[in-house]
Amino acid sequence: MTEVQILATLTEYFAKEQGTKALGPDDSLLQSGILDSLAIVKLLSFLEDEFDVEVDDADFDPENFENLRSIAKLVAAEPQ
Amino acid sequence: MDFSISSEQKAFRRSVSDFAKRELGGDMRAREKQGAFFWDGWHKCAEFGIQGMPMPSAFGGLELDTTTCLIAMQALGKECRDSGLLFSLNSHMWTCEIPVLEFGSEEQKQKYLPKMIEGKLVGGHAMTEPGAGSDAYSLRTTAKKVDGGYVLNGAKVFISNAPIADLLLVFATTNKELGWAGITGFLVDKDTPGMHISKPLEKIGLKTSPTGEISFEDCLVPDSAMLGREGQGSAIFNAEMEWERSCLFACHLGAMQRQLEECVEYAKDREQFGQSIGKFQSVSHKLADMRVRIELGELILHKVAWMKSRGKRAPLESAIAKLVVSESYMDSSVDALQVRGGYGFMSEYQADRDLLDAAGGKIYSGTSEIQRNIIARFLGL
């Protein structure tokens, strides 16, 4: 899957989760509070199920979850 | 779907049961009265290999898979009445050993894991604060970066093993603006200047598992004390909660099995109105419910273990498991008391310990309400 396709899937996921308008790729998720402590748990499970990637806990870095673009980059870089 | 356990797992379960019956008895009531930790039991568990069950053999562990660990904890829960010892063991293993294994540097693993597995070091986990319980990530303990390390300031409360811990995994914020994403874990040795640990707090249950408060006053820890990287605190906490919410609660399942066996025996022996009370549906239905709870608890716990054995996350499943098993333990403890009637109310039958331990189980590792929040979030609510 390309980064663009991953980004599109993530945009749809967040739109469904937040029940609001679609987020832009660079909109803040952490500082804005959109990605709270429960949302990150659910997101990590979604990434595993949807993209068949393992985001290793030991490699977890909050910077990778700052916005949709950074998450898409992370997913694209993970072995599938 | 194969629900069977292997012959090796059955053999290990038997050996754990035999060990617990042989070595983990003693005068539980006396220990409870004094609030005394069962040190002899702790060291015997270490000799047997309990503290090293999930740990790699390179550090002296038994390198057992998650399901086998769960089966062993269930056996311990059934045969060992000292629930405080079991609680301390679980805290040590899932909330301190496992984080060091999964997030630690090689130096940290070498420094701590062999001694923790041998039972020579006791681990604890310091997250909860006076103002941060269910809202764990609103913690206020700060870790300010200075040259060569971090300075910790703050206070922790209800910390299991604190009064006896040699090593504490302390969670502090390194970036308050980021909330949960700004929390970092630190491995702090006891006697570190600036860290003060209270005497054991008096609890209504789990009396033989020491619980304390910790305060940090300009407590300097070196850079090498950080576990993982800055901001990984939530990842550490979430990972260890999946272990705790499955393996610790396997001990509850074991206790429920013991309760059921004792109640069935009682129901067969006790006669009223010309027959054994087990013949009355009001009694047999309670016992049937107790059996159903064990079966369902085992299924969900084993599912969590299966997922974790395959490297899968199980946040939803571990929340369901914790909720189901902890509430089942409370329901079965109430039923066990009721089945035994007046005799059950006598302290000789130790129903009070089960009830109060079960009450604690609905609170620690995230309250039942928090587990329901997690489950509701996965429903999209």
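Counting starts from 1 at the beginning of each chain's written sequence and moves along it residue by residue. Each chain is given a letter, starting from A, and each ligand a number, starting from 1, according to the order in which they appear as written. Local features in this predicted model are restricted to residues of pLDDT 70 or higher, and side-chain atom pairs are both shown and tallied only at a pLDDT of 80 or more, whereas totals for entire chains, interfaces and linings draw on every residue. Heavy atoms from the whole structure form the basis of all side-chain values; hydrogens and water molecules are not counted.

Draft legend 1. Focus on helix 2 (residues 37–51) of chain A. What counts as a helix is a DSSP run of H or I of at least four residues, what counts as a strand is a run of E of at least two, and both are numbered from the N terminus. Take the residue count of a helix, subtract one, and multiply by 1.5 Å to get its expected span. Its 15 residues give helix 2 of chain A an end-to-end C-alpha distance of 21 Å, which sits within 8% of 21 Å, the value for a rise of 1.5 Å per residue. A 1.4 Å probe rolled over the protein chains alone gives each residue an accessible area, and that area as a share of the maximum for its type sets the label: buried under 20%, exposed over 50%, partly exposed in between. Burial analysis of helix 2 of chain A places 11 of its 15 residues in the buried class, the great majority of the element. Every buried residue belonging to helix 2 of chain A is among Ala39(A), Ile40(A), Val41(A), Lys42(A), Leu43(A), Leu44(A), Ser45(A), Phe46(A), Leu47(A), Glu48(A) and Phe51(A), and all of these are buried. Two residues qualify as a contact provided that any one of their heavy atoms is within 4.5 Å of a heavy atom in the partner residue. Elements that come into contact with the buried residues of helix 2 of chain A comprise helix 1 (3–18) and helix 3 (68–77) of chain A together with helix 7 (233–269), helix 9 (315–339) and helix 12 (368–378) of chain B. At the N-terminal end of helix 2 of chain A, a side-chain oxygen is found 3.1 Å from the backbone nitrogen of Leu38(A), two or three residues along, and the residue is Asp36(A). Taken from the residues just after helix 2 of chain A, Asp52(A) is the one with a positive phi, measuring 55°. N or O atoms within 3.5 Å of each other form a polar contact, as long as, within protein, one can give a hydrogen and the other can take it, and as long as residues adjacent in sequence are counted only when both atoms are side-chain atoms.

Draft legend 2. View of the environment of Glu3(A). Residue and element names in this part refer to chain A. Structurally, the position occupied by glutamate 3 is in helix 1. Of the residues examined, glutamate 3 reaches a relative accessible area of 33% and is grouped as partly exposed. Residues glutamate 3 and aspartate 59, spaced 56 residues apart in sequence, show a C-alpha to C-alpha distance of 20 Å. Ignoring any residue separated from it by four or fewer positions in sequence, one finds glutamate 3 in contact with Ala72, Lys73 and Ala76.

Draft legend 3. View of the side chain of Arg293(B). Residue and element names in this part refer to chain B. Structurally, the position occupied by arginine 293 is in helix 8 (residues 281–309). On the basis of relative accessible area, arginine 293 is assigned to the buried category, the value being 14%. Arginine 293 has contacts with Leu253, Met256, Ser328, Asp331, Ser332 and Asp335, leaving out every residue within four places of it along the chain.

Draft legend 4. Main features of the domain arrangement of chain B. Residue and element names in this part refer to chain B. Taken domain by domain, chain B holds domain 1 (7–121), domain 2 (124–230) and domain 3 (234–378). Taking only C-alpha atoms into account, the centre of domain 1 sits 23 Å from that of domain 2. With 27 residues of domain 1 at the contact, the number on the domain 2 side is 20 residues. Two parts lose some accessible area (1.4 Å probe) when they are put together, and adding that loss for both gives the buried area. For the pair domain 1 and domain 2, the two sides together bury roughly 1,800 Å², of which 64% comes from carbon and sulfur. Ranking the residues of domain 1 by area buried against domain 2 places Phe87, Gln108 and Tyr112 at the top, with a combined share of 25%. Throughout this description, the term salt bridge denotes a Lys or Arg side-chain nitrogen within 4 Å of a carboxyl oxygen of Asp or Glu. The interface formed by domain 1 and domain 2 includes one salt bridge. Where each domain starts and ends follows an automatic or database-derived domain assignment.

Draft legend 5. Local environment of the packing of aromatic side chains. When two rings of Phe, Tyr or Trp (its six-membered ring) have centres within 6.5 Å they constitute a pair, described as stacked for plane angles under 30 degrees, edge-to-face for angles over 60, and tilted for the intermediate range. For the structure shown, the criterion picks out 17 aromatic pairs over all chains. Here Tyr13(A) and Phe46(A) contribute two aromatic rings whose centre-to-centre distance is 4.0 Å and whose plane-to-plane angle is 20°, an arrangement assigned as stacked. Note that Tyr13(A) is positioned in helix 1 and Phe46(A) in helix 2, a separation of 33 residues in sequence. On the numbers, 6.1 Å between centres and 80° between planes, the contact of Phe171(B) with Phe237(B) is edge-to-face. With Phe171(B) in strand 4 (residues 167–173) and Phe237(B) in helix 7, the pair connects residues that are 66 residues apart, well separated along the chain. The exposure classification of Phe171(B) matches that of Phe237(B), with both residues buried. Three or more aromatic residues link up through ring pairs in this structure, and these residues are Tyr13(A), Phe14(A), Phe46(A) and Phe51(A).

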